[in-house]
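Residue strings, one per chain:
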Amino acid sequence: MSRQAISLLKNLGKTTTVSKIQTRSVTYMPRPGDGKPRPVTLIPGDGIGPLVTKAVEQVMEAMHAPVYFEPFDVHGDMKSLPEGLLESIKKNKVCLKGGLKTPVGGGVSSLNVNLRKELDLFASLVNCFNLPGLPTRHENVDIVVIRENTEGEYAGLEHEVVPGVVESLKVITKFCSERIAKYAFEYAYLNNRKKVTAVHKANIMKLADGLFLESCQEVAKKYPSIAYNEIIVDNCCMQLVARPEQFDVMVTPNLYGNLIANTAAGIAGGTGVMPGGNVGAEYAVFEQGASAGNVGKDTDEAQKNANPVALLLSSAMMLRHLQFPSFADRLETAVKRVISEGKCRTEDLGGNSTTQEVVDAVIANLD
Amino acid sequence: MTMAANFARRLIGNRSTQILDTVNSGAVTSAARAFCSSTTPITATFFPGDGIGPEIAESVKQVFTTAGVPIVWEDHYVGTEIDPRTQSFLTWESLESVRRNKVGLKGPMATPIGKGHRSLNLTLRKELNLYANVRPCYSLPGYKTRYDDVNLVTIRENTEGEYSGLEHQVVRGVVESIKIITRSASLRVAEYAFHYAKTHGRERVSAIHKANIMQMTDGLFLKCCREVAEKYPEITYEEVVIDNCCMMLVKNPALFDVLVMPNLYGDIISDLCAGLVGGLGLTPSCNIGEDGVALAEAVHGSAPDIAGKNLANPTALLLSGVMMLRHLKLNDQAEQIHSAIINTIAEGKYRTADLGGSSTTTDFTKAICDHL
């Protein structure tokens, strides 16, 4: 009798916390054979990368998700991408990646950037939103930053004119600006977003950012139901800090996108929890959203308390991309439960759990 | 000064002020300024600006007079015609005045729209060679924002970088914009940053960069900062990648002390920091030029919609004036005025509309004078 009472009480306790986050039951009709396991290229990377990608692997296994990983050993200080990597991604079309640490000023071009250029992943997407149970200084944040990923300031065209004078070229083309604007509006349309904001500095860089704005304005005309406005990048940062709830989808050239994404991630909870990825016409690479030195601190790696939430949420996005929405929902719900309960948090969120403890909590919370 | 007098002044084209100038400026030499006693007045150029400019300029003059600051103001206004010698609406006389006095205070100027002339800010920057823009950002006690522990200074290189204005269309649909970093400009601003840190008792200087991607340009900037850092072993020096910096600023701004950056990053970061403490209406700023020229300015706009209604907040211009006083080594009076402003805002009884209160400009000014 007492044992039954105890288990009843335990269940009651469970349901009260569970009922706060409802699981959606999605009725979708797969095609026969959709359940066949799909291969995904995996790049553990540097720093905390191996730790957080292992977390994803563990959770995928616990869910019996129809996904298997093909790992590749890549490090930031390699001169170029290893041989089989590009073939693998081109075959699988989807990749999950930890961070690659680029040596500062070392004469080695960033492998992160190289990968994006080789695969023409022209759009980088970061979703910054307040997680329930994780209080930050700002409320009601739900921003998606869509950033042009191939040109702009990251063209890598630098040279020394004379000793002591260095030039760097920022290249903006109509072709790239147009396709990123199209992607941003299409994203807004498909995800029921109401507003797209273009971020620029066209009062100073009249031709370059002016061209970017022109492309955005042309695409905006084709989506009359989506509101469109423009904001200068320094004002944008100020507004993000003061009133972030005014932003919805933001489309930016390369450098500003980096800054805005990291600022937005910071106000919504930090880079440890924001999902994101890079997508092109044919391939998609999912990684931690905002990449502020995305290899984490050395202490995180040493003490094994890196935050796996960002990569777990990105892998949920990946599952949807692979058309496994129900697995994606289960994963997201479990992660959100763990965060909202607040018992299991890594150092960057103010707790002191290790990565493994968070992973175990997520697995325990899977439906 | 009534508005009518101002208009008359503009029409005449500053001739009247120049007559007064020649009388005043002869009396002060630059040596006297460095070791000025409270009896020898210093001449400083004043650009009241447009919109709310004249009103807040009045506030500043009132507060300075009440505090007994030994400054004689030389007012200059933006002309209505383009001066061919400067290619802008600022006259040659105005620029000469700043060059001569070596110190100035500037209110908000609305750049007239049109072509064939340079923007006013650009004219000032190029002609006076203003190479560093210094903005201290600190949380004002008593004015609550989401961030309460901000106390940092952003120092931004102001002449080159991404704002060189060198753009061209390569072929249709392909545009190039050139970012230039030179050793001399980077060294200059790094020297100023460390010098500022030392003279203001700051402990740490952080160089903000993106040298993992822009290896040669930001790499050169960093090299220069490192060279200067070696000469100041008592100041801690670190380098932070800009995306990391943005994130850290919004999560924990207390981590930063003095930030030194190239032009574009400086623009973004200094506005971000201004947002942390309450906006551009409260932010002081000072531009440092060659030969010890210092032009303090209020960075907010001219707010034409509230011009002339006695509603404007003079805090930014007042705090910039305080920065100017510190540059002139009039530290006692700077401290006095600074405390008066902080105490008035902290008290909360007299606040202008943008801070959530309902006082007029004149009431607010009077409250500060009472606190002196």
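Residues numbered from 1 in each chain as written. Chains lettered and ligands numbered in written order. Predicted model: local features only at pLDDT ≥ 70, side-chain atom pairs only at ≥ 80, totals over all residues. Heavy atoms only, no water.

Identification of chain B as Isopropylmalate dehydrogenase-like domain-containing protein from Arabis alpina is taken from an unreviewed UniProt entry. The heading Subunit (unreviewed entry) in the UniProt record of chain B holds the text "Heterooligomer of catalytic and regulatory subunits." What UniProt records for chain B under Sequence similarities (unreviewed entry) is the sentence "Belongs to the isocitrate and isopropylmalate dehydrogenases family." (UniProt positions renumbered as here; feature names shortened; annotations may be inferred.)

Per an unreviewed UniProt entry, the recorded name for chain A is Isopropylmalate dehydrogenase-like domain-containing protein, and the organism is Arabis alpina. The record in UniProt for chain A states the following under Function (unreviewed entry): "Performs an essential role in the oxidative function of the citric acid cycle." Under the heading Sequence similarities (unreviewed entry), UniProt records this for chain A: "Belongs to the isocitrate and isopropylmalate dehydrogenases family."

We now examine the overall build of chain B. Helix and strand counts for chain B stand at 13 helices and 12 strands. Burial statistics for chain B: of 372 residues in total, 59% are counted as buried. Contacts in chain B between residues at least 24 apart in sequence constitute 73% of all its contacts with a sequence separation of at least 6. On chain B, roughly 14500 Å² of surface is accessible, and the fraction owed to carbon and sulfur atoms is 54%. (Helix = DSSP H or I, 4+ residues; strand = E, 2+ residues; numbered from the N terminus. Buried < 20%, exposed > 50% of the residue type's maximum accessible area, 1.4 Å probe, protein only. Contact = heavy atoms within 4.5 Å. Areas by Shrake-Rupley, 256 points an atom, 1.4 Å probe, with all protein chains shown as cover.)

Residue and element names in this part refer to chain B. Listing the buried residues of helix H6 (residues 120–128) in full gives Leu-120, Thr-123, Leu-124 and Leu-128. The arc enclosing the buried residues of H6, seen along the axis, measures out at 95°, which places them on a common side. Tucked inside the fold, the buried residues of H6 contact strand S1 (42–47), helix H5 (92–101), strand S3 (103–106), strand S4 (130–138), strand S11 (284–289) and strand S12 (294–298). Phi turns positive one or two residues past the end of H6, at Asn-129, with a value near 55°. (Arc of directions from axis to C-beta.)

With the rule as written, the count across this model stands at 38 salt bridges over all chains. In this structure, the salt-bridge partner of A:Lys174 is A:Glu218, at a minimum N-O distance of 3.4 Å. Of this pair, A:Lys174 sits in helix H5 (residues 174–190) while A:Glu218 is found in helix H6 (residues 208–221), placing the two residues 44 residues apart along the sequence. Looking at A:Lys174, the relative accessible area reads 24%, which means it is partly exposed. A relative accessible area of 33% places A:Glu218 in the partly exposed class. Where B:Asp271 meets B:Arg135, a salt bridge forms, and the shortest distance between an N and an O atom there is 2.9 Å. Of this pair, B:Asp271 sits in helix H10 (residues 263–277) while B:Arg135 is found in strand S4, placing the two residues 136 residues apart along the sequence. (Salt bridge = Lys/Arg side-chain N within 4 Å of Asp/Glu carboxyl O.)

Pairing between the strands of a sheet is mediated by backbone hydrogen bonds and can be parallel or antiparallel. As summarised here, the arrangement of the four strands in space is S6(A)-S7(A)-S7(B)-S6(B), forming an open sheet in which the pairing is antiparallel. The two strands at the open ends of the sheet, each matched to only one other strand, are strand S6 (152–162) of chain A together with strand S6 (161–171) of chain B. Going from strand to strand, the sheet's axes swing by 30° on average, the running direction of each strand aside. Where strand S7 (residues 165–173) of chain A lies against strand S7 (residues 174–182) of chain B, nine bridges are found, and the strand directions are antiparallel. In the strand pairing of S7(B), A:Ser168 is matched with B:Lys179. (Pairing = 2+ DSSP bridges. Axes fitted to C-alpha atoms, helices over the stretch in contact; angles between N-to-C directions.)

All names here are of chain B. The strand order across the open sheet formed by 10 strands is S2-S1-S3-S12-S11-S4-S5-S10-S8-S9, and the pairing between neighbours is mixed. Single-partner strands in this sheet number two, and they are strand S2 (71–75) and strand S9 (236–241). With direction set aside, neighbouring strand axes in the sheet form an average angle of 25°. In this sheet, S2 lies alongside S1 in parallel orientation, the contact comprising five bridges. By the bridge assignment, Thr-43 is partnered in S2 with Val-72.

Moving on, we come to the packing of helix H9 (residues 242–251) of chain B against H10(B). Residues and elements named next belong to chain B. Viewed as axis vectors pointing N to C, H9 and H10 meet at an angle of 5°, and their least axial separation amounts to 11 Å. Here H9 is positioned roughly parallel relative to H10, judged by the angle of their axes. Contacts between H9 and H10 pair Ile-242, Cys-245, Cys-246, Leu-249 and Val-250 from the former with Tyr-265, Ile-269, Leu-272, Cys-273 and Leu-276 from the latter. Split by residue class, the contact of H9 with H10 holds 10 nonpolar, no polar and no charged. (Parallel < 35°, antiparallel > 145°, perpendicular 65-115°, else oblique. Nonpolar A, V, L, I, M, F, W, Y, C, P; charged D, E, K, R; others polar.)

As a further point, take the packing of aromatic side chains. Across all of its chains, the model carries 10 aromatic pairs over all chains by this definition. Their ring planes at 85° and their centres at 6.4 Å tell us that A:Phe122 and A:Tyr183 sit as a pair that is edge-to-face. Here A:Phe122, found in the loop between helix H4 (111–118) and strand S4 (123–129), pairs with A:Tyr183, found in helix H5; they are 61 residues apart in sequence, far enough to count as distant. Seen in terms of ring centroids, B:Phe194 and B:Tyr237 are 6.0 Å apart; in terms of plane orientation they differ by 45°. Their pairing is tilted. (Phe/Tyr/Trp six-rings, centres within 6.5 Å; stacked < 30°, edge-to-face > 60°.)

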